[in-house]
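# Examining the three-dimensional arrangement
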Amino acid sequence: MDIRKLAVVGAGQMGAGIAQVAAQAGLEVVLIDQDGALVEKGLAGIRAQLDRAVTKGKLTAELAAATIARIKGGRSTDDAAGAQIAVEAVTENEAVKRKVFEGLARAMGTEAILASNTSSIPITRLAASVPAPERVIGMHFMNPVPVMQLVEIIRAIQTSDATYAATDALAKKLGKTTVLSKDMPGFIVNRILIPMINEACFALQEGLGSAADIDTAMKLGTNQPMGPLTLADFIGLDTCLSIAEVLHKGLGEDKYRPAPILRQHVEAGWLGKKSKRGFFAY
Ligand code: NAD
């Protein structure tokens, strides 16, 4: 399948990043959000990133201009017409994502691939909401998209071999390394990462060590770029909690129960870096 044009729905931090890497790889891109101001904000953010790369000498001004010229803004899933693939990166809410997929399926027809960047919603259930479920797949980018090397590809039980092959090839064209995951709660990365973060929360709650010592121990003792509590603050404690709940509910085992201290921080509005306070202050 020759993918020349890609639609991204959701111009938040993930959607803008996906639009940027696709345009840098030479694809035509339409970046769609229901909120026009967010489309403009997303485009301005991409422009600023490319300008920084030009200033640092990593990109020529001509290439930056050509990249930004390949991205158009859109306000509705109708604007995805003519693209061979859409990647939805809207709010992590199943009803919202189903509605977006229904709109994309109407606009793009049954030949186009519909990919979801969801962190936790079963791709199999999203696939069931459109007329061509064999064309639906998970394409889970990491944050920040232009920097992070990995894309997890998730096959729903309905996903065809052709859809998988085309999506995997596209991710590689975007310069990413792919791994294939079954459609199970958390996929590969969050299945392993979130229990580690949750265990660090239990350790903090039990007074095993201070937040700083838990992070230093894991950073220097296991050679990770940042400790688990700092990483949780960067991801957002609300996001960590919601993924922990998906693992707990979906896998049905007590070992995945979210740490009370994590829930308490979220209830207090201490969501991490984005709210200036989480396990640490920012
Ligand atoms: P975000 O809140 O920054 O952006 C979501 C965007 O979707 C907003 O701009 C919102 O206006 C838009 N939107 C909501 N409903 C819409 C609709 N019906 N039509 C069009 N646009 C709509 O969120 P984000 O952090 O970019 O996350 C987006 C998706 O990516 C989620 O599924 C999330 O789980 C997943 N994800 C996030 C991360 C992360 O670290 N933030 C990492 C991997 C995957």
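Chains are numbered independently. Their residues run from 1 in the order of the written sequence. Local features in this predicted model are restricted to residues whose pLDDT is 70 or higher, and side-chain atom pairs enter the listing and the counts only when it is 80 or higher, whereas totals over whole chains, interfaces and linings include all residues. Based on all heavy atoms of the structure, the side-chain values leave hydrogens and waters out of the count.

### Notes on the side chain of Asp183
Runs of E in the DSSP output that reach at least two residues are strands. Runs of H or I that reach at least four are helices, and both are numbered from the N terminus. Topologically, Asp183 is positioned in the loop between β8 (177–182) and α7 (189–205). Any N or O atom pair separated by 3.5 Å or less is treated as a polar contact, with the protein-specific requirement of one donor-capable and one acceptor-capable atom, and with residues adjacent in sequence counted only for side-chain atom pairs. At 3.1 Å, the side chain of Asp183 forms a polar contact with the backbone nitrogen of Ile123. Every residue pair with non-hydrogen atoms within 4.5 Å of one another is taken to be in contact. Look past the residues within four positions of Asp183 in its chain and what remains in contact with it is Pro122, Ile123, Thr124, Ile154, Arg155 and Ala156.

### A word on the domain arrangement of the protein
The split of the chain into domains comes from an automatic or database domain assignment. Domain boundaries in the protein define domain 1 (5–182) and domain 2 (190–274). When each unit is reduced to the centre of its C-alpha atoms, the spacing between domain 1 and domain 2 is 28 Å.

### Examining the pattern of salt bridges
When a carboxyl oxygen of Asp or Glu lies within 4 Å of a side-chain nitrogen of Lys or Arg, that pair is called a salt bridge. Per the stated rule, a full pass over the model turns up 10 salt bridges. With its nearest N and O atoms 3.8 Å apart, the salt bridge here joins Arg135 to Glu111. Within this pair, whereas Arg135 is found in the loop between α5 (123–127) and β6 (136–141), its partner Glu111 is found in the loop between α4 (94–108) and β5 (113–116), the two being separated by 24 residues in sequence. Relative accessible area serves as the criterion here: at 17%, Arg135 is assigned to the buried category. Taken together, the shared-partner salt bridges in this structure form one network comprising Glu88, Glu92 and Lys97. Only protein chains enter the accessibility calculation, which uses a 1.4 Å probe. A residue is then buried if its area is under 20% of the maximum for its type, exposed if over 50%, and partly exposed in between.

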